[in-house]
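Breakdown of the fold
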Amino acid sequence: MSRQTRIKKAVFPVAGMGTRFLPATKSIPKELLPLVDRPLIQYAIDEARAAGIDEFIFVTARGKTALEDYLDHAPHLAETLRRDNKTSLLAELENTRMPSGSTAYARQGEPRGLGHAVWCARHLIGDEPFAVILPDDVIAGAVPCLKQMVDAYQTCGGNLVAAMEVAPEEVGSYGILETTHRNGPLCTVSGMVEKPSPKTAPSNLAVVGRYILDAAVLNHLARKQVGAGGEIQLTDAIAAEIGKSGVHGFRFAGQRFDCGSKAGFLRATVAYALARPDLRDDFRQCLDGAMHVRVAAE
Ligand code: G1P
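In this report, the structure presented in the accompanying data block is examined. No experiment lies behind these values; they were computed from the predicted model shown.

Conventions and cut-offs
- Residues numbered from 1 in each chain as written.
- Predicted model: local features only at pLDDT ≥ 70, side-chain atom pairs only at ≥ 80, totals over all residues.
- Heavy atoms only, no water.
- Helix = DSSP H or I, 4+ residues; strand = E, 2+ residues; numbered from the N terminus.
- Contact = heavy atoms within 4.5 Å.
- Areas by Shrake-Rupley, 256 points an atom, 1.4 Å probe, with all protein chains shown as cover.
- Lys, Arg positive; Asp, Glu negative; His and termini not counted.
- Charge placed at Lys NZ, Arg CZ, Asp CG, Glu CD.
- Near = heavy atom within 4 Å.
- Polar contact = N/O pair within 3.5 Å; in protein donor to acceptor, adjacent residues only side chain to side chain.
- 1 Å grid on protein atoms, 1.4 Å probe; cavity = no way out; pocket = protein on both sides within 12 Å on 5 of 7 lines; lining within 4 Å.
- Sits in = over half its atoms within 2 Å of the grid points.
- Core = buried A, V, L, I, M, F, W, Y, C linked by side-chain atoms within 4.5 Å.
- Buried < 20%, exposed > 50% of the residue type's maximum accessible area, 1.4 Å probe, protein only.
- Pairing = 2+ DSSP bridges.
- Salt bridge = Lys/Arg side-chain N within 4 Å of Asp/Glu carboxyl O.

1. Regarding the overall build of the protein
On a plain count of helices and strands, the protein comes out with 11 helices and 13 strands. Summarising its shape, the C-alpha atoms of the protein cover approximately 60 × 45 × 40 Å along the three principal directions. A sequence separation of at least 24 residues applies to 75% of the contacts in the protein between residues at least 6 apart. A total accessible area of about 15,300 Å² is found for the protein, and carbon and sulfur atoms account for 52% of it. Averaging the locations of the 34 positively and 34 negatively charged side chains of the protein gives two centres separated by 3 Å.

Written out as structure tokens, the structure reads:
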């Protein structure tokens, strides 16, 4: 590609019921659960902003209005913090402020899978390439993952999916790539399969929740073909572009936390707390001490 293609839009599929985090998610959207003191969705938004995204499309569902409120302006709260001279809290609040008109919502009326969720945003996406971020996958890195991908996309175009090696027994939880040429972090994808059995998986190179996609993927999703788990899979629609606009895998630099699982969420909490200058020392002491306390439930 000779000229830069700007990726302006990112889709955040946030319609899931978050049943793995019940009872907390009975009334709180999973994406608002805090990783230290910032909701999961904030990490995803910050990563998108760092990649130059300025249109944010959320695919929501019933029970997610708290998410829309979180993303709204909070003038009353800001005024109170200003009056009380709480400058650093005010700065935190300002950092989360989305410019007016930069957020848009599509509803996924029924839970028919990730591919269906992205398809629900088709009118907001239009016909330009777009990013997809799954907020459950939190990725820490010196350069935010989506920014790395937007830069790599300038050389490969087509469709780009974030990828990492996973343990062979875990391939059944991911979209798995079959690849040919490798060029640094980029590899050419020759096959993709959603949640294969470890016996038939083409590799252990898994897709993680960052994508830059050609709008042609939406046409495949429109066919509403049902795939693994009886759901409309994004993986299948991307795979249909192999040999057309093309698909690449991108081995990003950084550490990925699976915040869709309790253990992954806890691991991320420890890692992000230890990375915070204001918490690090106290928290390290807590962790050292924790080896000697009885677990809370005992
Ligand atoms: C989704 C995708 C899968 C991908 C995974 C990454 O699966 O369908 O291809 O590997 O995210 O987290 P889910 O975790 O929603 O089952």
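Now that the structure is up, let's keep going.
2. Quick word on the site of the ligand
Taken together, 14 residues sit near the ligand, with D137, G175, E194, K195 and V207 positioned nearest. The side chain of T235 places a nitrogen or oxygen atom 3.3 Å from an oxygen atom of the ligand. Taken by itself the ligand offers 380 Å² of open surface, and the protein chains cover 76% of this. Put simply, the ligand lies in the largest pocket.

3. Structural notes on the nonpolar core
With 33 residues, the main nonpolar core has F12, L146 and L160 as its most contacted residues. Listed by contribution, the elements that provide at least two residues to this core are β1 (9-13), α1 (40-50), β4 (55-60), β6 (130-133), α7 (145-156), β8 (159-165) and β11 (205-213). Sorting elements by how many residues they give to this core places α7 first, with seven residues. Beyond its immediate stretch of four places on either side in the chain, F12 contacts I41, A44, I45, A48, F56, I57, F58, V59 and I133. Within the second largest apolar cluster, 30 residues are counted, among which are W119, L205, L213 and L218.

4. A short note on the pairing of β1
In terms of burial, β1 is a largely internal element, five of the five residues being buried. Here β1 shows a buried face lined by K9, V11 and P13 and a second buried face lined by A10 and F12. Bridge count between β1 and β4: five bridges; the pairing is parallel. Its bridge partner being in β4, P13 is matched across the sheet by V59. Two strands pair when backbone bridges link them, and β1 and β6 are joined in this way by two bridges, in the parallel orientation. Looking at the pairing, A10 lines up with A131 of β6.

5. Focus on the side chain of H116
Looking at where H116 falls in the secondary structure, it is placed in helix α5 (residues 114-120). Once you skip the residues sitting within four places of it in the chain, H116 turns out to touch Q108, E110, K224 and I232.

6. Section: α1
It helps to recall that an α-helix has 3.6 residues per turn; residues three or four apart then point in one direction. Across the 11 residues of α1, eight count as buried, placing the element largely inside the fold. Residues L40, I41, Q42, Y43, A44, I45, E47 and A48 constitute the buried set of α1. At the C-terminal side of α1, G52 shows a positive phi close to 90°.

7. Some details on the pattern of salt bridges
Scanning the entire structure with this criterion turns up 19 salt bridges. Of the charged contacts in the structure, one is a salt bridge between K64 and E31, with a shortest N-O distance of 2.8 Å. Of the two residues, K64 is situated in the loop between β4 and α2 (65-70) and E31 in the loop between β1 and β2 (34-35); the sequence distance between them amounts to 33 residues. Classification of K64 by relative accessible area gives buried; the value is 5%.

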